[in-house]
Amino acid sequence: MPLRTQSYVTLDAAGLRDWLAGRPELAARLGGPARDWCIREVRDGNLNLVFLIDGPQGGLCAKQALPHVRVAPDWKMPLDRALYEARYMRAVADAVGSAAPELYAFDAEMYLLVMESLDGHAVLRSALIDGAAKPGFSAAIGRYVARACAATGWIARPFEHGSRLLEEFSGNTALTRITVDLILTDPFRDGCPRNPAPEPGLTGEIAALRADAALLREVGALQERFLTAREALLHGDLHTGSIMIRESDVRVIDGEFATMGPIGFDCGLYLGNLLLHACAAPRKTAFLREEIAAFQAGFEAEFRARLTEGGGDVWPLLEGEERRKAIDASIARILRDTAGFCGLEMIRRTVGFAQVADYALCETPEARIEARARALRLGRALIRDHREISTFEGFLARLQ
Ligand code: SR1
Ligand code: MG
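Residues numbered from 1 in each chain as written. Chains lettered and ligands numbered in written order. Predicted model: local features only at pLDDT ≥ 70, side-chain atom pairs only at ≥ 80, totals over all residues. Heavy atoms only, no water.

J.: Help me understand the sheet that holds strand β3 (residues 59-65), please; the structure alone is not making it clear to me.
T.: Across a sheet, strands are paired by hydrogen bonds formed along the backbone, either parallel or antiparallel in direction. Strands sit in the order β1-β2-β3-β7-β6 across an open sheet of five strands; the sheet is antiparallel. Of all strands in the sheet, those bounded by a partner on one side alone are β1 (38-41) and β6 (103-107). Neighbour-to-neighbour, the strand axes of the sheet open up by a mean angle of 20 degrees, direction not taken into account. With four bridges joining them, β6 and strand β7 (residues 112-116) adopt antiparallel strand pairing. (Pairing = 2+ DSSP bridges. Helix = DSSP H or I, 4+ residues; strand = E, 2+ residues; numbered from the N terminus. Axes fitted to C-alpha atoms, helices over the stretch in contact; angles between N-to-C directions.)

J.: Any chance you could explain the site of ligand 1 here in plain terms?
T.: Around ligand 1, the structure places 13 residues, and the nearest of them are N46, D237, H239, R348 and R349. Here an oxygen atom of ligand 1 sits 3.4 Å away from a polar atom, N or O, in the side chain of R349. For ligand 1, the protein covers 95% of the area, taking 320 Å² as the surface of the free molecule. Secondary-structure elements contributing two or more residues to the shell around ligand 1 are α7 (173-182) and α12 (320-351). Here the residues of the shell around ligand 1 sort into eight nonpolar, two polar and three charged. (Near = heavy atom within 4 Å. Polar contact = N/O pair within 3.5 Å; in protein donor to acceptor, adjacent residues only side chain to side chain. Areas by Shrake-Rupley, 256 points an atom, 1.4 Å probe, with all protein chains shown as cover. Nonpolar A, V, L, I, M, F, W, Y, C, P; charged D, E, K, R; others polar.)

J.: For this particular structure, what's the right way to read the environment of L276?
T.: With respect to the element layout, L276 can be found in helix α10 (residues 263-280). Considering only alpha carbons, one finds L276 and D254, 22 residues apart in sequence, at a separation of 20 Å. If we ignore the near neighbours within four places in the chain, the residues touching L276 are E345, M346, R349, T350, V356, Y359 and A375. (Contact = heavy atoms within 4.5 Å.)

J.: Is there a simple way to explain the pattern of salt bridges in this structure?
T.: For side chains of opposite charge, pairing can occur when their charged atoms come near one another. Overall, the coordinates contain 40 salt bridges when judged by the stated rule. A salt bridge links D237 to R348, with the nearest nitrogen and oxygen atoms 4.0 Å apart. Taken together, the residues span a long stretch of sequence, with D237 in the loop between β9 (232-234) and β10 (243-246) and R348 in helix α12 at a distance of 111 residues. Neither residue differs from the other here; D237 and R348 are each classed as buried. The shortest N-O distance in the salt bridge between R306 and E302 comes to 2.3 Å. (Salt bridge = Lys/Arg side-chain N within 4 Å of Asp/Glu carboxyl O. Buried < 20%, exposed > 50% of the residue type's maximum accessible area, 1.4 Å probe, protein only.)

J.: Would you mind going over the side chain of T179 with me for this structure?
T.: With respect to the helices and strands, the residue T179 is situated in helix α7. On the basis of relative accessible area, T179 is assigned to the buried category, the value being 4%. Those residues in contact with T179, other than ones at most four positions away along the chain, are L184, F226, G236, F257 and F265.

J.: Just checking my understanding: could you explain the pairing of β10 for this structure?
T.: The side chains of a regular strand alternate between both faces of the sheet. Here strand β8 (residues 122-123) runs beside β10; their pairing, made up of two bridges, is antiparallel. Note on β10: the bridge partner recorded for A122 is I245. Strand direction decides the pairing type here: β10 and strand β11 (residues 249-252), joined by four bridges, are antiparallel. Across the sheet, residue R246 finds its bridge partner in β11, namely D249. Here β10 hands over to β11 after two residues, with E247 in that stretch at a positive phi of 50 degrees.

J.: What is the right way to look at the environment of G312 in this model?
T.: Mapping G312 onto the fold places it in the loop between α11 (285-309) and α12. Taking C-alpha positions, G312 is 9.8 Å from G162, a pair spaced 150 residues apart along the chain. Among residues more than four places away in sequence, those in contact with G312 are W154, I155, A156, R157 and P158.

J.: Could you clarify how one ought to interpret the sheet that holds β8 in this entry?
T.: Strand order in the open sheet formed by three strands is β8-β10-β11, and the pairing between neighbours is antiparallel. The sheet is open, and its two edges are formed by β8 and β11, each paired on a single side.

J.: Please clarify how the packing of helix α9 (residues 213-228) against α12 should be interpreted in this entry.
T.: To characterise two packed helices, one gives the angle between the axes of the helices and the distance between these axes. Relative to each other, α9 and α12 sit at 115 degrees, their axes nearing to 10 Å. Seen from above, α9 lies across α12 with left-handed handedness. Taken together, the residues of α12 that come into contact with α9 (itself represented by V219, L222, R225 and F226) are R333, D337, G340, F341 and L344. Along the lines of polarity and charge, the residues of the contact of α9 with α12 split into five nonpolar, one polar and three charged. (Left-handed = near helix turned anticlockwise from the far one by under 90°.)

J.: How do you make sense of the packing of aromatic side chains when you look at a structure like this?
T.: Two numbers describe a pair of aromatic rings. These are the distance of the centres and the angle of the planes. Under the counting rule described, the total for this entry stands at ten aromatic pairs. Aromatic side chains Y84 and F169 sit 6.3 Å apart centroid to centroid with 45 degrees between the ring planes, which places their arrangement in the tilted category. One end of the pair, Y84, is in helix α3 (residues 81-96); the other, F169, is in helix α6 (residues 159-169), and 85 residues separate them in sequence. Given the relative accessible area of 7%, Y84 is considered buried. F169 sits in the buried class, given a relative accessible area of 2%. Geometrically, the ring pair formed by F299 and F303 is stacked, given 5.0 Å between the ring centres and 20 degrees between the ring planes. Here F303 and F299 lie together in helix α11, a separation of four residues that amounts to about one turn. (Phe/Tyr/Trp six-rings, centres within 6.5 Å; stacked < 30°, edge-to-face > 60°.)

Laid out in structure tokens, this is it:
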């Protein structure tokens, strides 16, 4: 049943056609008369309505927030996540350039974004599952995170910029609440109704991780990092479903979870999803290790370059060797966080509310249980040891 407020109405194809027809600058991108536009709803993602529109001149993508979680209509959700996604796209657009789709319009009353269509692209998670992802895509994602985070952090920009971002994104509490619950807490709670019933062969592994007091202390440390370390503006949900690829063209989408937070959160979520894929398809482990290395190399090179340039109110007095040491320390801290959040993502995608399709690659139930158990063991080790993992070699060593 569509919801109607004073001006908001959830759109169907006909409603979207009328809405677009009333916006000449968008209609011109499609070309032709409105009746000739082909409008398809893409039933993907957990939260929103997404449409792809094709006209004689070109295509558009429209994304509208629903007043509930798309895949769980009883779970009510404020509409303003669309506003935060629009703000995120604008905040990082100059820094990331063509690594994100261009935002053409945002209607604050309809909670509707209209952006560049990526119709020829595939969702990275699906491309991985289908074996269609060409190697090397992770370097672009590493560069994306470095550019977005450097441009919204404190070292390369005056503090007034970061202060404004803190203000603009501090209200994104509904989606931050999802992260706090679904990633950082629920998977470790017995009897949490949002967690699906575990596969019988996994109950021992799950009970062990929930009873591991040392592990829960480290989860607590990561909760504190996530909520108190305001290092840069995060994408906030950088899994392989938030990335589109077409050959070597890589685009990051879906920044609605944006919040100021620890940079290792974005890195950890991405790497966690590569590792989940490796757990589900062990024969692809070497390829995925290469991708992990490519992500880290892309991230580090770009982050070093941005932080060496400087321009912010943190480290303006550090030059040469002193600046290099400060950058090294910053990268080491990001790696510690990366390891911890990577472990959390692996665990929540295996036992929590939002699981991943990658496990469908397992050919038998036994193989699937073994894959999930592998992800839980690796996730647990990464969380437990994250504070000791300050080099990339140390991170890779945990993946044996
Ligand atoms: C209720 S939303 C569940 C998950 O989908 C999103 O993509 C985020 O990953 C969130 O945790
Ligand atoms: Mg999403």
